Each structure stands twice: as structure tokens, then as C-alpha cells.
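Chain by chain, the residues run as shown.
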Amino acid sequence: MRLRTYFIETWGCQMNRHDSELIAGQLRAHGLAPALSAQGADLVVLNTCSVRERPVHKVVSRIGALAGRPEPPVIGICGCVAEQEGASLLKRSGAVGFVVGPGELRRLGEALTALDREERPVLTGFDAADTTAGGEIVRSSSTRGMVTVVEGCNEFCTFCVVPYTRGRERSRAFAEVLAEVRGLAAAGLREVELLGQTINSYRCPATGADFAELLQAVAAIPGLARVRFITSHPRHFNERLIAALAACPKISRYLHLPVQSGSDRILARMHRRSTRAEYLELISRLRRSVPGINLSTDVIVGFPGEEEEDFAQSLALLEEVRFGQVFAFAFSPRPRTPAARYRPQVPEATKTERLHRLFELSDRISLELNRELIGSTIAVLIDGDSRRDQWWWQGRGEDNRVLNFPKTGREAIGDIVGVRVVAAGAHALIGERPSLSALLPVLERGIGAA
Ligand code: SF4
């Protein structure tokens, strides 16, 4: 069957979203055009995630649903489930045409050529000296671009599949990253998001330059208004990076810094190599150098052996730090990871109950922090229409908070405009454009177009 159209379904993290842009680039280079939905596509690519158990089940049931259609599409499996399950996915259904892991995405064109010959290729594994970055990319946003800086991870936290599904850490060359970002700025994108599982352990393979140097060089590229990065590991955060954040106004006043647990006993079992006290000390240094920085974190609830006292320490840490956003998950045992064999496993009902309590607390704190912003004026980069209403815009402030506000006819996608906050929820702010005279002080602070 000649494939003419494709549709990509993406699960999981920012890295996967960016991989989908790379997949789209390769499919287009092979002559395929995007379809509006999976329903009408000749090829459906499932770009999968296996960080938690449920997404794996979802992929299997999605294969069943697509393959059960009267005229099933060809199904391509990419992402972490492809790496983890490999050739066994071909047995799930005859409709599965190829399996390509995250380390082999640049060879997707080869897989498509093999598919044309009616083969069912399986490409997995990693080249330790290589990264998947640099192929043709179809950008999904006209305002923000994602750029891979580090792939894979060497940390081997005992709960995490990433070192197995994305391989060991590989940093891209400094010059290569800068060239890609310059290309995005020249194309008119206003914000760049640098990606890596432990981005702050970056080391240029050619010069040894560290992440602080790279971040400053990226921020100095003309045309870019903002630079963000994700994800940082607490144990790799050094003074040079804090100084870069403090010195450069283009670097977003937002930092995602996973803590995973507030209990030293659990942190040691997780192999985080960073204690509660070290984490809190890092937060204090960050806040002293970058006042008002918006912090978010990841927390795992119900890690094997987590007692009520350990969980209470996670809640207490949330109270103490007051994160703008918390991404919390119930522990799920992942194949090949040490924690899957740890005992005792926490009962599911206990995990659910703890997760519920944690979300109640984090939502309360997020709401309180957001309410403190009511009445202030924020420089918002407009991303597009608000999901709630086409007569509203949605954008993000310098600290990454989401803000929705009514359109006035004076702004366009990609503009950075002053918006006064008039109401707050736990997960987003509501604003309005102030009069031009009220905007003057904000303009004087140099926010760009208003
Ligand atoms: S730092 Fe730990 S949790 Fe993060 S990707 Fe690496 S192994 Fe996974």
C-alpha cells in the first residue's frame, strides 16, 4: 500500500513532543502529507511514553482500536515503548508496520523505505557518540521552538526507565545548538526551550563548555525574547548557572526542579544523590539571586517503603518551598528498574489517597501564589487562541504562568504585551489589556511591543 498521509499521536514529556516534530519532518521528507485526524490517515504513528505503567496499556489498547477498524491504517510505534518492547510489538497486530526507538529516529526514513518493500523494520538501541537532533523538523508552534541539548541520562534513579529507553547521556556540540537556535530566531520565533533530561549536566563534547555558558550564548542571540530550559537535576545546579539566571533578563524566571520526595530515607532509596537539606539550600540560594522565580517540581507518591512519616515530609517540603506548580504521580513499577523489585510496595489505595492529599495542598498553594499577582501587569508572549474561547488569547508570562485575556484587536500571535491580572485560578490567570497610559511603566521596563 502506498502511504500518502500520516497522523502522529504523542504521549508523555516535552522530549517526546519535540521528537514528534522530528518524526513529522522525516515523514514529510518521505513524501507524506499530514492528515487532520487518525481516522483519515494511511499511517498513524504512536509516539509513546513508558515512564509510567498506564501509558503502556494505553498504547496496547490504541493499537487494538486502530487495527480493529474495517480498513486499518499502518501503525508505526516510536518513543520509549518502542525501545522497551522492540520486536514484540509486531506480534500485537499485523497492522504494526515499524518500531523505531528514540535513539534511531534519524533512521525513520530508512524504516519507511523498508516498509515500502513490505518489510516490518525494528530499529532500536543507541549510538553512544550520536544524538537524534539535527534532522528535518516540522515546528508545531510559530512562537516557541524546542531544541534538544542533552539526550539520555546517566543518573539511574531507581524508579526511572529513561536511562534504558533513551540511553546514556549525550550532549550536542555547543556550535550546533547555537546554529539551530539562530535559525529559529531568524524564522521569527520569539522563545526557545532547551531540552534535556538532566540539562544542567551539559558539557560540550568539543570544548567542554558547561550549561551556564551555553544558556548565556543562546540568550545573546538577537531576535529571541525568551529562553527556557527543562529539566534540571538538583545535584548539577552550580553557582555559575545561578549567576547566569540572575544576570540575564531573557532567561525565563521559571525553573522546573524535581525533588521527587521530601524524605531523605526515600531519596536515598531513589538514588537521587541529593538530600532534602541540599535541595532546600539550593532553593534559598536561587531565591536570593533571582527574586520572584516561579518554581515547579515533580513528586512521586507511594515509592516502595514510603511510610506516612515520609509522605508527611513531602507535604511539609511543599509547604516550605511553595511551588507554583507540582507534577505528582503515584509510583508504578517499571521494567528493568531496581525499584520494581523493592519491598514493601505501597498499596494502590494508599497511593491514591496520598496523591489526593498532595494535590489538595499544591492546588491551594498555587492558587494563593496566583492570587498575589492580581492587580499586577505581566509581559505575556501570545501563543494563540485561548482554549476556552476564540475571542480570547492565551499566552505565558516571563515566569511561565499561563494567562488568558480578551482580544482587543491591538495584538497578534508572537507579540509580547502587557496584561493586567484580574483573576486567578490554581492553574491559570485571567487578565485584561490595560489602557496605554497604564502600560507606560511596564513599557519602560522594556517588555517590547505592547
Ligand atoms: S534524573 Fe533520574 S528521573 Fe530524571 S531522567 Fe534521569 S534517571 Fe530519570
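Residues numbered from 1 in each chain as written. Predicted model: local features only at pLDDT ≥ 70, side-chain atom pairs only at ≥ 80, totals over all residues. Heavy atoms only, no water.

Student: Lay out unusual backbone geometry with the relevant residues and their values.
Tutor: In the segment running from Ile 230 into Thr 231, the intervening peptide bond is cis, with an omega of 5 degrees. Looking at the element boundaries, Thr 231 is found in the loop between strand S11 (226-230) and helix H8 (239-247). For the peptide bond that leads from Arg 343 to Pro 344, omega is 0 degrees, which places it in the cis range. Position of Pro 344 relative to the elements: it lies in the loop between strand S14 (325-330) and helix H12 (348-371). For His 271, which is not a glycine, the phi torsion comes out positive at approximately 60 degrees. Accessibility expressed as a relative area gives 31% for His 271, which makes it partly exposed. For Arg 273, which is not glycine, the phi torsion reads 55 degrees and is therefore positive. Along the chain, Arg 273 turns up in the loop between helix H9 (264-270) and helix H10 (276-289). Residue classification places Arg 273 among the partly exposed residues on the basis of a relative accessible area of 39%. (Helix = DSSP H or I, 4+ residues; strand = E, 2+ residues; numbered from the N terminus. Buried < 20%, exposed > 50% of the residue type's maximum accessible area, 1.4 Å probe, protein only.)

Student: Describe the pairing of strand S7 (residues 144-148), listing the residues and the values that go with them.
Tutor: Burial analysis of S7 places 5 of its 5 residues in the buried class, the great majority of the element. Of the two faces of S7, the one holding Arg 144, Met 146 and Thr 148 and the one holding Gly 145 and Val 147 are both buried throughout. Alignment of S7 against strand S10 (residues 191-195), held across 5 bridges, turns out to be parallel. Bridging across to S10, Val 147 finds its partner in Leu 194. (Pairing = 2+ DSSP bridges.)

Student: Pulling in residues and values, what's your account of the confidence of the model for the protein?
Tutor: Residues with a pLDDT of 70 or more make up 94% of the protein, whose mean pLDDT is 93. Low confidence marks residues 446-450, where pLDDT is under 50. Its contacts with residues over four positions away, or in another chain, come to 15 contacts. (pLDDT = per-residue confidence, 0-100. Contact = heavy atoms within 4.5 Å.)

Student: Run through helix H7 (residues 211-219), naming residues and quoting values.
Tutor: Turning to H7, its buried residues are Phe 211, Ala 212, Leu 214, Leu 215, Val 218 and Ala 219. Across the axial projection of H7, the buried residues extend over an arc of 165 degrees, all falling on one side. Taken together, the buried residues of H7 touch helix H6 (174-186), S10, S11 and H8. At the N-terminal end of H7, a side-chain oxygen is found 3.3 Å from the backbone nitrogen of Ala 212, two or three residues along, and the residue is Asp 210. (Arc of directions from axis to C-beta. Polar contact = N/O pair within 3.5 Å; in protein donor to acceptor, adjacent residues only side chain to side chain.)

Student: Can you explain the packing of aromatic side chains? Please cite residues and give values.
Tutor: Applying the stated criterion across every chain yields a total of 6 aromatic pairs. Taking 5.6 Å as the distance between ring centres and 80 degrees as the angle between the ring planes, the aromatic pair formed by Phe 156 and Tyr 164 counts as edge-to-face. When the centroid spacing of 5.2 Å and the interplanar angle of 65 degrees are considered together, the rings of Phe 211 and Phe 229 count as edge-to-face. Residue Phe 211 is located in helix H7, and its partner Phe 229 is located in strand S11; the two are separated by 18 residues in the primary sequence. Linked through ring pairs, Phe 159, Phe 303, Phe 331 and Tyr 342 together constitute an aromatic cluster. Seen from the ring of Trp 392, Arg 388 lies directly overhead, with NZ or CZ sitting 5.1 Å from the centre. (Phe/Tyr/Trp six-rings, centres within 6.5 Å; stacked < 30°, edge-to-face > 60°. Lys NZ or Arg CZ within 6 Å of the ring centre and 35° of its normal.)

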